Amino acid sequence: MVKTCISCGRKGEIFIKGLCIECFKNRIGIARLRDNEITVEMCTWCGRVRIGHKWYSHKTPEDAVGDIIVRRLKPMPSEHVDRVEVSGWVLESKLDWRTRVVVELRASVGNTIIRDSKSVVVRFKPSKCPDCVTRVSGEYDTLVQVRGSRARQIVYRVLANLGGELGILDVVETREGVDLYFSHRGGASRFLSALKSEARVKISRVEHEHVGLSGGGRRRSRKTISARIDEP
Ligand SMILES: [Zn+2]
Ligand SMILES: [Zn+2]
C-alpha cells in the first residue's frame, strides 16, 4: 500500500511512525552514541592499545582503530529501532593521535534494514604498557633525573643536538622534571656533558644499587644521577 510521509510528503511503501526512511534518519536517527570521541591509551614502546583493562596488539594502527570502534563504540538503538550494529568504518582524516572516523551503522526496524553513518573521533593517549615498564626497568643501567624549571626545554634541546646512539631506553616526563633511562653508562655521560655545556648543572646525587649478577657472573649495579639545572 502506498503511503505518504508526514514530514516531507514523499510517497512510498516503507514508513516508520509515519516517516519515510530519510526523514526517520534525519529526525529520529537510528542510533545514539554514548560518546562521539573515544580515547584509548597507546603504548609508545610496543604500540599496543588499552581497551578496557586489557592491552591489545594489532598488525597496523588502522586495525587498532577498527578494533577500538567495534569494542568501544557500542551504539544504542534509538526509539522504534530494534537492533543496531557497526557494519564498517572508514578513516575521514589521516591516521594520527587524533583521527576522525566515519562509522557505518546498520539498523533493523521490523523487517526493514536502515543504513546510516556517524562521525567519531578516536584519540590515542601516549602511555606505557605494564610489560614495557617492566622490561625497561629491568634493562636500564643508568637513570638520569634532570630537575629544575627549565629541565624539559633543555633536555629536548640537548637530545636534538646529540642525536646518534646514546642508548636511551626511555624518556619520561615527571612532575619534577625529566627522567632518562640509559642502557649504558657511556650514553649517560655523553648526555651529561652536553647538558653541562647548555646550562649550569649541579650533579647532586649518585647512587649505586646492586641488582644481581651480570651474564658473566660479575656483580651488576645501577646508577641514579640527579642533575639539577640552575635557574637563569
Ligand atoms: Zn519523508
Ligand atoms: Zn608496551
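Anything mentioned here points back to the structure above.
Described in the following lines is the structure provided in the data block.

What counts, and where the lines are drawn
- Residues numbered from 1 in each chain as written.
- Chains lettered and ligands numbered in written order.
- Predicted model: local features only at pLDDT ≥ 70, side-chain atom pairs only at ≥ 80, totals over all residues.
- Heavy atoms only, no water.
- Pairing = 2+ DSSP bridges.
- Helix = DSSP H or I, 4+ residues; strand = E, 2+ residues; numbered from the N terminus.
- Axes fitted to C-alpha atoms, helices over the stretch in contact; angles between N-to-C directions.
- Contact = heavy atoms within 4.5 Å.
- Salt bridge = Lys/Arg side-chain N within 4 Å of Asp/Glu carboxyl O.
- Buried < 20%, exposed > 50% of the residue type's maximum accessible area, 1.4 Å probe, protein only.
- Donors = N, O, S within 2.8 Å, 3.2 Å for Na, K, Ca; no water.
- Tetrahedral: all angles 85-135°; square planar, octahedral: opposite > 155°, others 65-115°.
- Core = buried A, V, L, I, M, F, W, Y, C linked by side-chain atoms within 4.5 Å.

Quick word on the sheet that holds strand β12 (residues 112–127)
Argument step 1. As summarised here, the arrangement of the 6 strands in space is β8-β7-β6-β12-β11-β10, forming an open sheet in which the pairing is mixed. Two strands lie at the open edges of the sheet, namely β8 (54–56) and β10 (83–91), each paired on one side alone. With strand direction ignored, the average angle separating the axes of adjacent strands in the sheet is 40 degrees.
Argument step 2. Helix α2 (residues 61–73) contacts β6 (37–43), β7 (49–51), β8, β10, β11 (98–109) and β12 of the sheet and is inclined by roughly 160 degrees relative to β10.

Considerations on the pattern of salt bridges
Argument step 1. Under the criterion given, the structure shown has 13 salt bridges.
Argument step 2. When the shortest N-O distance is used, the salt bridge between K25 and E22 registers 3.6 Å. On the criterion of helical spacing, the pair formed by K25 and E22 is a turn pair, its members being 3 residues apart in helix α1 (residues 21–27).
Argument step 3. Given the relative accessible area of 18%, K25 is considered buried.
Argument step 4. For R157, the salt bridge goes to E198, with nearest N and O atoms at 2.6 Å. Placement of the pair is R157 in helix α4 (residues 151–162) and E198 in helix α5 (residues 185–198), with a sequence separation of 41 residues.
Argument step 5. A residue is classified by how much of its surface remains accessible, and E198, at 30% relative accessible area, is partly exposed.

As for the coordination of the zinc ion (ligand 2)
Argument step 1. The protein atoms that coordinate the zinc ion (ligand 2) are C43 (SG), C46 (SG), C129 (SG) and C132 (SG), at distances spanning 2.2 to 2.4 Å.
Argument step 2. Classification of the site at the zinc ion (ligand 2) rests on its 4 donor atoms, whose angles at the metal span 102 to 115 degrees, yielding the label tetrahedral.
Argument step 3. Written as a sequence motif, the donor residues of the zinc ion (ligand 2) are C-x2-C-x82-C-x2-C. Assigned by exposure class, C129 and C132 land together as buried.

With respect to the nonpolar core
Argument step 1. Grouped together as the largest cluster of nonpolar side chains are 32 residues, with contacts concentrated most on I30, I68 and F124.
Argument step 2. Only β3 (15–16), β4 (19–20), α1, β6, β7, α2, β11 and β12 provide two or more residues apiece to this core.
Argument step 3. Ignoring sequence-local partners within four residues, the contact set of F124 consists of V40, M42, V49, V65, I68, D96 and W97.

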